[in-house]
Protein chains: 2
Amino acid sequence: MTNRIVVTKTHIDGAPKETDFEVKSQVLAQSAQPAGSVIVKNLYVSVDPYQLNRMKSDSSSQSYSFLAAGIGPEIDCYGVGKVVASGNPEFQEGDLVAGLLTWGEYSVLKPGSMFRKLDAMGFPLSNHIGALAFSGLTAYAGLFEVGKAKKGDRVFVSTASGSVGHLVGQFAKLHGCYVVGSAGSKAKVELLKEKLGFDDAFNYKDATDLRATLKKYFPDGIDVYFDNVGGEMLEAAIDNMNAFGRVAVCGVISEYTGTGRRAAPNMVDVIYKRLTIRGFLANDFMPVFPEFISKACEHMGSGKMVSIEDISVGLDSIPSAFVDLFTGGNVGKKIVQIAQE
Amino acid sequence: MTNRIVVTKTHIDGAPKETDFEVKSQVLAQSAQPAGSVIVKNLYVSVDPYQLNRMKSDSSSQSYSFLAAGIGPEIDCYGVGKVVASGNPEFQEGDLVAGLLTWGEYSVLKPGSMFRKLDAMGFPLSNHIGALAFSGLTAYAGLFEVGKAKKGDRVFVSTASGSVGHLVGQFAKLHGCYVVGSAGSKAKVELLKEKLGFDDAFNYKDATDLRATLKKYFPDGIDVYFDNVGGEMLEAAIDNMNAFGRVAVCGVISEYTGTGRRAAPNMVDVIYKRLTIRGFLANDFMPVFPEFISKACEHMGSGKMVSIEDISVGLDSIPSAFVDLFTGGNVGKKIVQIAQE
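Please read all numbers here as calculations on a predicted model, not as lab measurements.

1. Some words on the overall build of chain A
Per the secondary structure count, chain A includes ten helices and 15 strands. Radius of gyration (C-alpha) of chain A: 20 Å, near the 20 Å computed for a compact globule of 341 residues. Across its three principal axes, chain A shows a C-alpha extent of roughly 65 × 45 × 35 Å. Relative to all contacts within chain A whose residues are 6 or more apart in sequence, the contacts with residues 24 or more apart total 68%. Computed over 34 positive and 37 negative side-chain charges, the inter-centroid distance for chain A is 3 Å.

2. Digging into the packing of helix H2 (residues 134–146) of chain B against helix H3 (residues 165–174) of chain B
Residues and elements named next belong to chain B. Running from amino to carboxyl end, H2 crosses H3 at an angle of 50°, the nearest separation of the two axes being 9 Å. Here H2 is positioned oblique relative to H3, judged by the angle of their axes. By crossing handedness, the relation of H2 to H3 is classed as right-handed. Contacts between H2 and H3 involve Ser135, Gly136, Ala139, Tyr140, Leu143 and Phe144 from the former and Leu167, Val168, Phe171 and Ala172 from the latter.

3. Considering the pairing of strand S12 (residues 241–249) of chain B
All names here are of chain B. In terms of residue burial, S12 counts as a mostly covered element, since seven of its nine residues are buried. Assessed by its sense of winding, the connection that carries the chain from strand S11 (residues 222–227) through helix H6 (residues 231–239) to S12 is right-handed. In terms of strand pairing, S12 meets strand S13 (residues 276–279) through four bridges, oriented parallel. Across the sheet, the residue bridging to Val249 is Gly279, located in S13.

4. Here's the deal with the packing of aromatic side chains
Residues and elements named next belong to chain B. What the rule picks out here adds up to 38 aromatic pairs over all chains. Judged by centre distance (5.0 Å) and plane angle (65°), the rings of Tyr140 and Phe144 are edge-to-face. On the criterion of helical spacing, the pair formed by Tyr140 and Phe144 is a turn pair, its members being four residues apart in helix H2. As far as burial versus exposure is concerned, Tyr140 and Phe144 are alike and both buried. Their ring planes at 75° and their centres at 5.4 Å tell us that Phe289 and Phe292 sit as a pair that is edge-to-face.

5. Thoughts on the relation of the copies chain B and chain A
Mapping chain B onto chain A leaves a residual RMSD of 0.0 Å; the transformation is a rotation of 180° accompanied by 0.0 Å of translation along its axis. Taken together, the rotation angle and the small translation identify this as a two-fold axis. Minimal C-alpha distance to the rotation axis in chain B is attained by Ala264(B), lying at 2.0 Å. Taken as a fraction of all interface residues of chain B, those also at the interface in chain A reach 100%, which identifies the copy contact as same-surface.

6. What to know about the domain arrangement of chain A
All names here are of chain A. Each domain of chain A was delimited in the assignment, giving domain 1 (2–130 + 307–337) and domain 2 (134–283). Computed from C-alpha coordinates alone, the two centres of domain 1 and domain 2 are separated by 28 Å. With 22 residues of domain 1 at the interface, the matching set in domain 2 holds 16 residues. Of the roughly 1,500 Å² buried between domain 1 and domain 2 on both sides combined, carbon and sulfur atoms contribute 63%. Considering only the surface of domain 1 that becomes buried against domain 2, Gly130, Ile308 and Val331 emerge as the three largest contributors, covering 26% of it. Linking domain 1 with domain 2 are zero salt bridges. The tally of links from domain 1 across to domain 2 stands at eight residue pairs in polar contact (both at pLDDT 80 or more). In terms of residue class, the side of domain 1 that touches domain 2 is made up of 13 nonpolar, seven polar and two charged.

7. Some thoughts on the pattern of salt bridges
Counted under the stated rule, the structure contains 32 salt bridges over all chains. Linking Asp153(A) and Lys150(A) is a salt bridge whose minimum nitrogen-to-oxygen distance equals 3.2 Å. Owing to a relative accessible area of 6%, Asp153(A) belongs among the buried residues under this scheme. On the basis of relative accessibility, which here comes to 45%, the residue Lys150(A) falls in the partly exposed class. Residue Asp284(A) is joined to Arg274(B) by a salt bridge in which the shortest nitrogen-to-oxygen separation is 2.5 Å.

8. A short note on helix H10 (residues 318–325) of chain A
Residues and elements named next belong to chain A. Among the eight residues that make up H10, six are buried, leaving the element largely enclosed by the rest of the structure. Regarding H10, the residues found buried are Ile318, Pro319, Ala321, Phe322, Val323 and Leu325. Close packing links the buried residues of H10 with strand S1 (2–8), strand S2 (21–27), strand S3 (38–46), helix H7 (253–256), strand S14 (309–313) and strand S15 (333–337).

9. As for the environment of Asp227(B)
Residue and element names in this part refer to chain B. Along the chain, Asp227 turns up in strand S11. For Asp227 and Gly162, which are 65 residues apart along the polypeptide, the C-alpha to C-alpha distance reads 12 Å. Aside from chain neighbours lying at most four places away, what touches Asp227 is Ser158, Leu234, Val247, Ala248, Val249, Cys250 and Gly251. Within the structure, the side chain of Asp227 is placed 2.8 Å from the side chain of Tyr225, a separation counted as a polar contact.

Rules behind the numbers
Residues numbered from 1 in each chain as written. Chains lettered and ligands numbered in written order. Predicted model: local features only at pLDDT ≥ 70, side-chain atom pairs only at ≥ 80, totals over all residues. Heavy atoms only, no water. Helix = DSSP H or I, 4+ residues; strand = E, 2+ residues; numbered from the N terminus. Rg over C-alpha atoms; globule rule 2.2 N^0.38 Å. Contact = heavy atoms within 4.5 Å. Lys, Arg positive; Asp, Glu negative; His and termini not counted. Charge placed at Lys NZ, Arg CZ, Asp CG, Glu CD. Axes fitted to C-alpha atoms, helices over the stretch in contact; angles between N-to-C directions. Parallel < 35°, antiparallel > 145°, perpendicular 65-115°, else oblique. Left-handed = near helix turned anticlockwise from the far one by under 90°. Buried < 20%, exposed > 50% of the residue type's maximum accessible area, 1.4 Å probe, protein only. Right-handed = clockwise from strand over helix to strand, strands pointing away. Pairing = 2+ DSSP bridges. Phe/Tyr/Trp six-rings, centres within 6.5 Å; stacked < 30°, edge-to-face > 60°. Least-squares fit on C-alpha atoms with pLDDT ≥ 70 in both. Domains from an automatic or database assignment. Buried area = accessible area lost by both parts, 1.4 Å probe. Salt bridge = Lys/Arg side-chain N within 4 Å of Asp/Glu carboxyl O. Polar contact = N/O pair within 3.5 Å; in protein donor to acceptor, adjacent residues only side chain to side chain. Nonpolar A, V, L, I, M, F, W, Y, C, P; charged D, E, K, R; others polar.

Quick look at the structure:
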C-alpha cells in the first residue's frame, strides 16, 4: 500500500509559503508497524496555526508541544478517519476514530497515541474535528475556566471568525454576555453580526487606533478578553480592561510568524486593575470535556449554535489551506477533506 | 497650630528629584475640620515607589489609586501617629493610630478615612508601617494568594532587598521554598544571603544576560516569580518559568519613571507553559490580614523573620528618602521618623 503525505521541505521561519511543502510517497505495510498499531484512512484533517510552531528551526514551543514526541517527517494533526487495518483488538476495520492523525492519506496510530472510537451522534463528521472537538473545547474552557466569564460580562474576542473565535462568541452570547469580535474583512464582520449573533464586530484593518476603537465598542470596559492574536491588540485590550478583568491567552498568531511585534502590555495597568493574563492549552481541560460536549451538542442540535467550516478537498490542498490561515483567507474552522466516507 | 507638609511643586514625569518637592506651612485648627475629624501627630510615615504614580501629570494609575479620592496638596501615605485632638468619640487624645496619614507633621483624618487604633503588641512602632502592615501583607498575599507558592517551589524575587521583597523571601523560606533574589549592589546581595536566609542572590547590574543568569540560578526552572520591577527582568523570568508557573505582579519600578522600557514577554511561552501573570494590590486581601499578622508576629517574635528598615529622621528628609527609592539607595522598608513617641 502506498501512502501520500504532506511534509515540510525544510524548517519554516516566518510566514509559511506553499512551496515550503511537498507531497511524498511512502510504502505502508501493516506488517512493518509496531504490534498493536492501527492504520486509518484519513477522512478529514485539521489545519491549525499552532502547527507552525513545530515546523520552526528553533522554537522553544517545539519542545512544549504534545506533538513533539517522536517527531518524524509526518506532521501531526487532529482528524477523523476510518480503520482499514488493526493490530489492536479494540479497533475493527470500518470503525470511525477521532484523534491525532497525520497530514496524509493514511495515518499509522501506534499504541499509546491519542485517539478514540468516534460516535458521530448524528452530526457531520467534520464537526468532530472542530466545534465538537478541540476547537470547541478550547473555546469553552478558555471562556469559562480561564476567562471565568459570567452572565452580563463584556467579552471581547479577536480573530472572532476563526476556528475557535466564532465558537467563543456564540458560547458567550448563549451565556448572557455582551460580545464584540474583531476580524479582518467586511464579510467576516457581517458574518459575526448577522449569522453568529455577536452584539457587534469590527474590521481591525480599518482601525487606525485600536485603543480608541475598543473604547468605542466597550464604553463600560472589557471584563474578559479572549486573545487569539497578541501584539498591539493585546495592549489595546489591556488598556480597556475593567478592574479584575481576565485575559485568556489562546493564541498569538501575530507572533507565530515572527513578523508582528510582541505585545508590551502596560504592567502598571495590570497591577492597578488587578488583571489576570493566563495562557492555556485545551488538552489541560479534558476533565471539562463531558460538560463541554453536552452543552455544545445541545446548542448545535437545537440550532442555537452553528459551526462555520471552511473545507477544502484533497490532500494536495493542505499547503494552501495552511498558508491561508496566516493571510486571513479562512472563515471558521479550516478543514481538509482527504476522502469521502 | 501650624502644620508643615511636604508637597510637589508640580507634576512629576520621569524620575523624581529632590527639587520637585517643597515644604509648605498650613494653619491647622480643629474647629475648621469636618465634624468627626481626628488630628494626629505623625510619628512614622512611609515612603513608597507607587506614590509616584499619583504625582504624574497624566497617569491612568492616578484614577485607580485608592489614594485619589479627594486629592489635595497633601500626599497620602501609610503611617503611625498619636491623636492630639479628636472630634470622634472612638478616639482619645494620646491614642496610637495606624492608617492613611499624609506627608506632614500632622494629619487630619476625616470621617471615613482609613485608619484604626494601633496595638503595638510589643513590636517597635516602625514595624507597624512595614513588616506588620501593608508591606508585609503585600509580601504574604502576593506570595501565597496570587503566586500560590507551596513547599518545594522555586521562587524568584526581584528587588529582593526592598520593603516587600525582603519579606517575600523570608516568608518563602519559612514555607519550605527554594528562594533566589536579585538586588542592585554587592552589599544587598550579601544581606539577602547572610542575614535573610535566601538560598542565593545576585546583583542584576553584573548580569549581562538576565535570561542566562536566571537559568544558572534556576537550573530546574522558576515556579513563582514575585515581580517588583517589570521590564527585561520579567521577560527573562518568563523565559525561565516552569509549566503552570505563576507571576505575581507587585510593582514595575522600572516603568514608573517612564525610563525603563516595557516588558514584552514571550506570549508563545505564556501559552505553551500555561503561565498565569496576575497583578494585585494588597488592599484587596484584607480578609487575609488576620492570618498574615498572626504568622508575621509569630515569625518576628521568635526571631525567624527580621524586618529591615531604613529610617531617616525629620520631615525635611522625605524628598531625599523618596528620591532614593528610584536610585536604589534604600535597603528594606524606607521610613521617615517625623517625631519621637
